[in-house]
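Listed below are the residues making up each chain.
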Amino acid sequence: MGCYILEDMRLKELVPLFGFIFSGSVFAQIPTPSSGRIIRHENFSSAYVAARTIDVWLPEGYSDKKKYAVLYMQDGQMLFDSTITWNKQEWGVDETLTELVKAKKIQECIVVGIWNGGRSRHAEYFPQKPFESLSKQEQEIVYNAYRSGGQSIFFGLPISSDRYLSFLVKELKPFIDSAYSTKADRAHTFLAGSSMGALISLYVLCEYPAIFGGAACLSTHWPGLFYLENNPVPASFFTYLNQHLPAPKKHKLYFDHGTETLDTMYAALQKSVDSILQKKGYTPKQWISLSWPGQNHSEKSWRSRFSTPASFLLRK
């Protein structure tokens, strides 16, 4: 199989997904949602990771007199406003959640959009314990991997996802629960992301099952790298899940993938993951795994199906 980046996928399609720097003043703008409002926490400092922007979406009618579930989402740059994103696409998170609340399909929630670290994105989103389980030779294979354009995946940065988890759990979540009117318990605290953002969302849930009640993992980038042949990464993920998946009774997991562009890599790998979940006792009440024919690896596609994982995680 060899290198598996598809020829018809332009390099720019990979820019926000796999770690290139977000440059230009466009990302300094605060998103303008179609409904609700955005509260920005710029240069949110951390003892574990580089400071970054946090955009908190509050639904229409947000009130301190009520308590809200919380959805923590990765790649916060791309969630709310296509007019200021690099590719003029967005998840449409505010529109989708507002419609679902009005239809009384989900509980009210706030969304914490966590900006990725640009160059450090792949290093922060790559699950660390599966990586550390690899042999030294396999670790070198991972660190020396390149994109199809010849650019380093990790930019020479060490994998640091455990530090990212510490930032999320020890710094960001306590701040959100103190600054906003939240339901801070596990049953009302969720994660979501796509591609590498899906991987890190799953990893957070596995490492902190007492804090998070579920994760939505769209187009999960199981290869970790950009090819499948002689790639030791998926097997390390599967071994980790066999050992660390949380108990199904108190957790929800959503997985999906499209069938075009980069998503063509995922179907067979997702089947392996699904078999692990079945073995662990997950049933359709706690776990969904879907294929979306014709959809590709883009915010446009994730937007078109976001209502499905949102309804699953946040249903009343």
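Structure: above.
Residues numbered from 1 in each chain as written. Predicted model: local features only at pLDDT ≥ 70, side-chain atom pairs only at ≥ 80, totals over all residues. Heavy atoms only, no water.

### Let's talk about the pattern of salt bridges
The full count for this structure, using the stated rule, is 11 salt bridges. Notably, a salt bridge pairs E207 with K129, separated by 3.1 Å at the nearest N-O pair. Highlighted residues: E207 in helix α6 (residues 196-207) and K129 in helix α3 (residues 128-132), separated in sequence by 78 residues. For K129, a relative accessible area of 34% puts it in the partly exposed group. D177 is the partner of K173 in a salt bridge, and the nearest nitrogen-oxygen pair spans 2.6 Å. On the criterion of helical spacing, the pair formed by K173 and D177 is a turn pair, its members being 4 residues apart in helix α5 (residues 161-179). By relative accessible area, K173 is classed as buried at 8%. Overlapping salt bridges, with partners in common, bring together E90, E95 and R303 in one network. (Salt bridge = Lys/Arg side-chain N within 4 Å of Asp/Glu carboxyl O. Helix = DSSP H or I, 4+ residues; strand = E, 2+ residues; numbered from the N terminus. Buried < 20%, exposed > 50% of the residue type's maximum accessible area, 1.4 Å probe, protein only.)

### Digging into the nonpolar core
Core analysis: the biggest nonpolar cluster contains 61 residues, and Y72 and L172 have the highest contact counts within it. Per element, the largest residue contribution to this core is 9 residues, and it comes from α6. In this structure, L172 is in contact with F44, I54, Y72, V112, I114 and F167, ignoring residues within four places of it in sequence. If you look at the next biggest cluster of nonpolar residues, it comprises 26 residues, including I38, W57, L97 and I106. (Core = buried A, V, L, I, M, F, W, Y, C linked by side-chain atoms within 4.5 Å. Contact = heavy atoms within 4.5 Å.)

### Observations regarding the sheet that holds strand β7 (residues 252-258)
Here 8 strands make up an open sheet; going across it, the order is β1-β2-β4-β3-β5-β6-β7-β8 and the pairing mixed. Single-partner strands in this sheet number two, and they are β1 (37-44) and β8 (287-292). When the angles between neighbouring strand axes are averaged without regard to direction, this sheet yields 15 degrees. Here strand β3 (residues 69-73) runs beside strand β5 (residues 189-194); their pairing, made up of 4 bridges, is parallel. Bridging from a neighbouring strand, Y72 pairs with L191 of β5. Relative to strand β4 (residues 109-114), α5 is tilted by about 140 degrees, and along the sheet it contacts β1, β2 (52-58), β3, β4 and β5. Along the sheet, helix α8 (residues 267-279) makes contact with β7 and β8, crossing β7 at roughly 160 degrees. (Pairing = 2+ DSSP bridges. Axes fitted to C-alpha atoms, helices over the stretch in contact; angles between N-to-C directions.)

### A look at the state of the cysteines
Summed over all chains, the structure comprises 0 disulfides. Between C109, a free cysteine, and C217, which holds the nearest cysteine sulfur, the sulfur-to-sulfur gap is 17 Å. Of the residues examined, C109 reaches a relative accessible area of 2% and is grouped as buried. The cysteine C206 is free of any disulfide, with C217 supplying the nearest cysteine sulfur at 8.7 Å. Using a relative accessible area of 6% as the deciding quantity, one classes C206 as buried. (Disulfide = S-S within 2.5 Å.)

### Quick look at the packing of aromatic side chains
The tally for this structure, following the rule as stated, stands at 15 aromatic pairs. Here the aromatic rings of F126 and F131 are separated by 6.2 Å at their centres, their planes lie at 85 degrees, and the arrangement is edge-to-face. By relative accessible area, F126 is classed as buried at 0%. Given a relative accessible area of 5%, F131 falls into the buried group. Their ring planes at 40 degrees and their centres at 5.8 Å tell us that W222 and F255 sit as a pair that is tilted. (Phe/Tyr/Trp six-rings, centres within 6.5 Å; stacked < 30°, edge-to-face > 60°.)

### Description of α8
Helical periodicity: at 3.6 residues per turn, an α-helix aligns residues three or four positions apart in one direction. Over its 13 residues, α8 extends 19 Å from the first C-alpha to the last, a length consistent with the 18 Å expected when each residue adds 1.5 Å. Within α8, the full set of buried residues consists of L269, Q270, V273, D274, I276 and L277. Viewed end-on, α8 has its buried residues packed into an arc of 160 degrees, placing them on one side of the element. Counted as exposed and oriented over 90 degrees from the buried face of α8: A268, K271, Q278 and K279. Of the surrounding elements, those touching the buried residues of α8 are α7 (233-244), β7 and β8. Of the residues one or two after α8, G281 is the one with positive phi, at around 95 degrees. (Expected span 1.5 Å × (residues − 1). Arc of directions from axis to C-beta.)

### Thoughts on unusual backbone geometry
The backbone phi angle of F155 is positive, close to 55 degrees, even though this residue is not glycine. With respect to the secondary-structure elements, F155 resides in the loop between α4 (136-143) and α5. According to the relative accessible area criterion, F155 is buried, its value standing at 18%. Backbone geometry places T261, a non-glycine residue, at a positive phi of 45 degrees. Inspection of the secondary structure puts T261 in the loop between β7 and α8.

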